[in-house]
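Listed below are the residues making up each chain.
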Amino acid sequence: MTPGRLEERLRVAAALVMLGLVVELGSLTWRHPTAFIVFVLAGGALMAAGMLLFVQSLMRREDDHALVDDADRVVAGRRARGGQSAG
Amino acid sequence: MTLLILLLVVALLLLAPLVLRPSLTLRHGGRLFAFVAIVVVPVAAGFAGLHEHVERTKTVAFCTSCHAMEPYGRSLHVDDVEHLAAQHWQYNRVPQETACFACHTSYTLYGDYQAKLRGLRHVWVQYAGTVPSQIRLYSPYHNRECLHCHDGARSFLESVTHRPELAAIRKNRKSCLTKGCHDQVHDVAHVGSLASWPKEEAK
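Cut-offs used in this document
- The residue numbers shown here count from 1 along each chain, following its written sequence.
- Starting at A for chains and at 1 for ligands, labels are handed out in the order in which the entities are written.
- Where local features are concerned, this predicted model is filtered to residues with pLDDT of at least 70; where side-chain atom pairs are given and counted, the filter is 80 or more; whole-chain, interface and lining totals use all residues.
- Excluding hydrogens and water, the side-chain figures rest on all heavy atoms present in the structure.
- Numbering of helices and strands starts at the N terminus; helices are DSSP runs of H or I of at least 4 residues and strands are runs of E of at least 2.
- We take the radius of gyration over the C-alpha atoms and set the globule estimate at 2.2 Å times the residue count to the 0.38 power.
- Whether a residue is buried, partly exposed or exposed follows from its accessible area with a 1.4 Å probe, protein chains only, as a fraction of its type maximum: under 20%, in between, or over 50%, in that order.
- Throughout, a contact is declared for two residues whenever any of their heavy atoms are within 4.5 Å.
- Surface accessibility in these figures is a Shrake-Rupley result with a 1.4 Å probe; residues are shielded only by whichever protein chains are displayed.
- Only four residue types enter the tally: Lys and Arg on the positive side, Asp and Glu on the negative side; His and the chain ends are excluded.
- Note on charges: their place is set at NZ of Lys, CZ of Arg, CG of Asp or CD of Glu.
- Centres within 6.5 Å make a pair out of two Phe, Tyr or Trp rings, where for Trp the six-membered ring is used; the pair is then stacked when the planes are under 30 degrees apart, edge-to-face when over 60, and tilted otherwise.
- Here, a salt bridge means any side-chain nitrogen of Lys or Arg that lies within 4 Å of a carboxyl oxygen of Asp or Glu.
- A pair of sulfur atoms, both from cysteines and within 2.5 Å, is called a disulfide here.

Asker: Account for the overall build of chain B, with residues named and values stated.
Answerer: For chain B, the helix and strand inventory stands at ten helices and zero strands. Taken over the C-alpha trace, chain B has a radius of gyration of 24 Å; the compact-globule value for 203 residues is 17 Å, which it surpasses by more than 25%. In chain B, buried positions account for 33% of the 203 residues. Restricting to contacts in chain B with at least 6 residues of sequence separation, those with at least 24 account for 53%. In the form shown here, chain B has an accessible surface area of approximately 12900 Å², with 61% of it arising from carbon and sulfur atoms. Taking the average location of the 21 positive side-chain charges in chain B and that of its 16 negative ones, the two points are 10 Å from each other.

Here it is in structure tokens:
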């Protein structure tokens, strides 16, 4: 994942959690059974979506790093072998 | 409540830099900050909010905010000590603010959770189902809920009417609400025509 795409995903994740918190804050000013449902279903769902997106972004970034590390190792191995055969 | 609002505001403030400048997370320590701002603080704020909402569900104001429950709320104000719910509420035999929950939760291990699940079902019925014209308990009222407070009290144990029936009452073989005992609980059918106490608070 490119840094730009990662940043965009993190922005969306943070915005979703923020929106969830605003919904939860709003539901706390309303004393009605529906407020509880709004808190759990709307606020909770938005926050959970944001957190999952954040974790997924980090995991994909870790995968990308692992791929780069593997590629580096392969290149280094080839160079080492090339050096031995030349010697 | 003030602390909860403060926590939610702090959570929002911590998220603001991530929305405005997500490149912060690419710097050293940025990922840790993002984890705290996106996961740790919002989860803490969410649980605190959930706790506040659950506490609110125990209040009389919450229960009677549904139209179907309004007469039950008014029955707490009936100016007659023979009315069990009114007597308990008016004489502070249950906490006035949480009177409904005090009597209508099962004093068992998972009683509170069962009450909350039933509450969710009530909200569902309110919006997606049909509210029954006459509201009934799911199961006959269990003496355990009365004895949770009354058993062991001198006024209960030494009562001439309770003493000969103690074993039957404790084993729920004879209901506290038996006709002739405490059978007048919520007289919702006539609550509009009964005198109320205190007059200025009754609706």
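Right, picking up where we left off after that structure.
Asker: Could you give an account of the packing of aromatic side chains, naming the residues involved and the relevant values?
Answerer: Residue and element names in this part refer to chain B. Evaluation of the coordinates by the stated rule reveals one aromatic pair over all chains. Ring plane angle 70° and centroid distance 6.5 Å describe the contact between Trp89 and Trp197, whose orientation is recorded as edge-to-face. Of this pair, Trp89 sits in helix H5 (residues 84-90) while Trp197 sits in the segment after helix H10 (166-170); the two residues are 108 residues apart in sequence, bridging distant segments of the chain. Trp197 gets classed as partly exposed once you look at its relative accessible area, which sits at 37%.

Asker: If you had to explain the pattern of salt bridges to someone new, which residues and values would you point to?
Answerer: All names here are of chain B. Inspection of the entire model under this criterion finds eight salt bridges over all chains. Measuring nitrogen to oxygen at the nearest pair gives 2.8 Å for the salt bridge that ties Arg144 to Glu145. What makes Arg144 partly exposed here is its relative accessible area of 30%. Measuring nitrogen to oxygen at the nearest pair gives 3.0 Å for the salt bridge that ties Arg154 to Glu158.

Asker: Lay out unusual backbone geometry in plain terms, naming residues and giving numbers.
Answerer: Residues and elements named next belong to chain B. In the segment running from Trp197 into Pro198, the intervening peptide bond is cis, with an omega of -20°. Along the chain, Pro198 turns up in the segment after H10. For Asn92, which is not a glycine, the phi torsion comes out positive at approximately 55°. Among the structural elements, Asn92 can be located in the loop between H5 and helix H6 (99-103). Its identity as a non-glycine residue notwithstanding, Asn172 has a phi of 65°, on the positive side. Structurally, the position occupied by Asn172 is in the segment after H10.

Asker: Report on the state of the cysteines, specifying residues and quantitative values.
Answerer: All names here are of chain B. Tallied over the entire structure, the rule returns zero disulfides over all chains. Between Cys63, a free cysteine, and Cys100, which holds the nearest cysteine sulfur, the sulfur-to-sulfur gap is 3.9 Å. Left without a disulfide partner, Cys103 is nearest to the cysteine sulfur of Cys146, which lies 7.3 Å away. We classify Cys103 as partly exposed; its relative accessible area is 24%.

Asker: How would you explain the interface of chain A and chain B if you had to name every residue and give the values?
Answerer: Contact residues are listed per partner, giving 34 residues for chain A and 36 residues for chain B. Between the two partners, chain A and chain B, sit zero salt bridges. Secondary structure elements with two or more residues in the side of chain A that touches chain B: helix H1 (3-28) and helix H2 (33-86) of chain A. The leading source of residues in the side of chain A that touches chain B is H1(A), at 16 residues.

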